[in-house]
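# Coordinates in review
The lines below spell out each chain.
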Amino acid sequence: MSADTKIAELLTELHQLIKQTQEERSRSEHNLLNIQKTHERMQTENKTSPYYRTKLRGLYTTAKADAEAECSILRHALDKIAEIKSLLEERRIAAKMAGVYSDSDPPRKTMRRGVLMTLLQQSAMTLPLWIGKPGESPPPLCGAIPASSDYVAKQGDKVAARVKAVDGDEQWILAEVVSYNHSTNKYEVDDIDEEGKERHTLSRRRIIPLPQWKANPETDPEALFSKDQLVLALYPQTTCFYRALIHAPPHRPQDDYSVLFEDTSYADGYSPPLNVAQRYVVACKENKKK
């Protein structure tokens, strides 16, 4: 089955799940209205009789079951969306490898910077939010939670990569994984800003995988960097990571971090607060201030 056919099937399934969600929601709203009316009658009569207690117990049991059913459908829909995104990414990588790196074809021209910045912003906005079950802890690569020690980033994954610049200094750049060699424990990565140009071969210690889920500040605040914590953050409108202090973590799931970048041009050594998406903030491996 081709990727296009599979994606079309998944979209059809997703459409059906969305319709089921609406049906479940309509059914639960009717029950919630009954709960509200029952409470209003109790207040009017100013008493809580065994009849009302029994009725409310049944209504709340139904409401709980309705919420669990809707939650199950929504999780199934999120799984379908993840499958679709994975297939689209596989198709993009296949096209890139076939078109950009073919020996018979010249390298593709570098993407215009404005287009690249828009794509990076969209990537940050569409990073899925981790929604765990009650009592479930956020997994590695959710927000500030690092990857496990044996984790290997997949082809196409975005990472922070420490490379040598033209002037000989080292810097952290946004890169895309091309491959990983298990015998040498080294990655091949492409600078996201230089598609079709230089490729870097780097050891694992020079690679930091980016988050794969956003953390919800309202339910999983422990999965976020805290105020004054030292991090590497992607400087706005660039593809380079720089050392920064967390000025304020996100307050809502859709919010960015507010960070203070190290900048000697300011009296206190830090820039004014700038917003950086969760996707582009990672733990700093360097402890000493440059």
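Thresholds, definitions, all that
- Residues numbered from 1 in each chain as written.
- Predicted model: local features only at pLDDT ≥ 70, side-chain atom pairs only at ≥ 80, totals over all residues.
- Heavy atoms only, no water.
- Helix = DSSP H or I, 4+ residues; strand = E, 2+ residues; numbered from the N terminus.
- Rg over C-alpha atoms; globule rule 2.2 N^0.38 Å.
- Domains from an automatic or database assignment.
- Contact = heavy atoms within 4.5 Å.
- Pairing = 2+ DSSP bridges.
- Phe/Tyr/Trp six-rings, centres within 6.5 Å; stacked < 30°, edge-to-face > 60°.
- Buried < 20%, exposed > 50% of the residue type's maximum accessible area, 1.4 Å probe, protein only.
- Expected span 1.5 Å × (residues − 1).
- Disulfide = S-S within 2.5 Å.
- Core = buried A, V, L, I, M, F, W, Y, C linked by side-chain atoms within 4.5 Å.
- Salt bridge = Lys/Arg side-chain N within 4 Å of Asp/Glu carboxyl O.
- Arc of directions from axis to C-beta.

When its secondary structure is counted, the chain shows three helices and 10 strands. In the chain, the order of α-helices and β-strands from amino to carboxyl end is α-α-α-β-β-β-β-β-β-β-β-β-β. Against the compact-globule benchmark of 19 Å for 290 residues, the chain has a radius of gyration of 24 Å, which places it well outside the compact range. Principal axes of the C-alpha set define a box for the chain whose edges measure 80 × 60 × 35 Å.

In terms of domains, the chain is made up of domain 1 (3-98), domain 2 (157-209) and domain 3 (221-283). For domain 1 and domain 3, the distance between their C-alpha centres works out to 35 Å.

Position of proline 138 relative to the elements: it lies in the loop between α3 (113-125) and β1 (158-164). Put simply, proline 138 and lysine 214 are 76 residues apart on the chain and 10.0 Å apart in space, counted from C-alpha to C-alpha. Setting aside residues up to four positions removed in sequence, proline 138 forms contacts with Trp130, Ile145, Asp220, Glu222 and Ala223.

Judged from the seven bridges that link them, β1 and strand β2 (residues 170-181) form a sheet pairing that is antiparallel. The residue bridging lysine 158 from the neighbouring strand is glutamate 176, located in β2. A loop of five residues connects β1 with β2, the two strands running antiparallel in sequence, and glycine 168 in this loop sits at a positive phi of about 95°. Relative to strand β7 (residues 240-248), β2 runs antiparallel, the two sharing two bridges. Its bridge partner lying in β7, tryptophan 172 is registered against phenylalanine 241.

On inspection of all chains with the given rule, the structure shows six aromatic pairs. Between phenylalanine 225 and tyrosine 257, the aromatic rings sit 6.0 Å apart at their centres with planes inclined by 50°, giving tilted as the arrangement. Residue phenylalanine 225 is located in the loop between β5 (207-209) and β6 (230-234), and its partner tyrosine 257 is located in strand β8 (residues 257-261); the two are separated by 32 residues in the primary sequence. Since its relative accessible area comes to 1%, tyrosine 257 is described here as buried.

Here the focus is helix α1 (residues 3-45). Counted at 1.5 Å a residue, the expected span for α1 with its 43 residues is 63 Å, and the 63 Å between its end C-alpha atoms agrees. One or two residues past the end of α1 sits asparagine 46, with phi positive at roughly 55°.

Okay, the state of the cysteines next. Counted under the stated rule, the structure contains zero disulfides. This cysteine, cysteine 71, is not joined by any disulfide, and cysteine 142 carries the nearest cysteine sulfur, 16 Å off.

On to unusual backbone geometry. Phi is positive for leucine 141, which is not a glycine, with a value near 70°. Relative to the assigned elements, leucine 141 resides in the loop between α3 and β1. Positive phi outside glycine occurs at asparagine 185, with the angle close to 55°. By the element assignment, asparagine 185 lies in the loop between β2 and β3 (186-191).

To continue, consider the nonpolar core. Of all hydrophobic cores here, the largest spans 32 residues; its most connected members are Leu174, Phe241, Val259, Tyr280 and Val281. Structurally, this core is a two-domain feature, drawing no fewer than three residues from each of domain 2 (157-209) and domain 3 (221-283). The residues touching phenylalanine 241, leaving out its near neighbours within four places in the chain, are Ala160, Trp172, Ile173, Leu174, Leu210, Leu232, Ala233, Leu234 and Tyr280. Core analysis: the next-biggest nonpolar cluster, separate from the first, contains 13 residues, Ile173, Tyr187, Val189 and Ile207 among them.

As a further point, take the pattern of salt bridges. Within the structure shown, the criterion is met by 15 salt bridges. With a closest N to O distance of 3.1 Å, lysine 158 and glutamate 176 form a salt bridge. Linking lysine 158 in strand β1 with glutamate 176 in strand β2, this pair joins segments that are 18 residues apart in sequence. Glutamate 188 is paired through a salt bridge with arginine 199; the nearest N and O atoms lie 3.8 Å apart.

Further remarks concern α3. Helix length check: α3 (13 residues) gives 18 Å between terminal C-alpha atoms against 18 Å at 1.5 Å per residue, within 8%. Residues of α3 that are buried: Leu116, Met117, Leu120 and Ala124. Taken end-on, α3 shows its buried residues confined to a sector of 100°, consistent with a single buried face. The inward-facing, buried residues of α3 contact β2.

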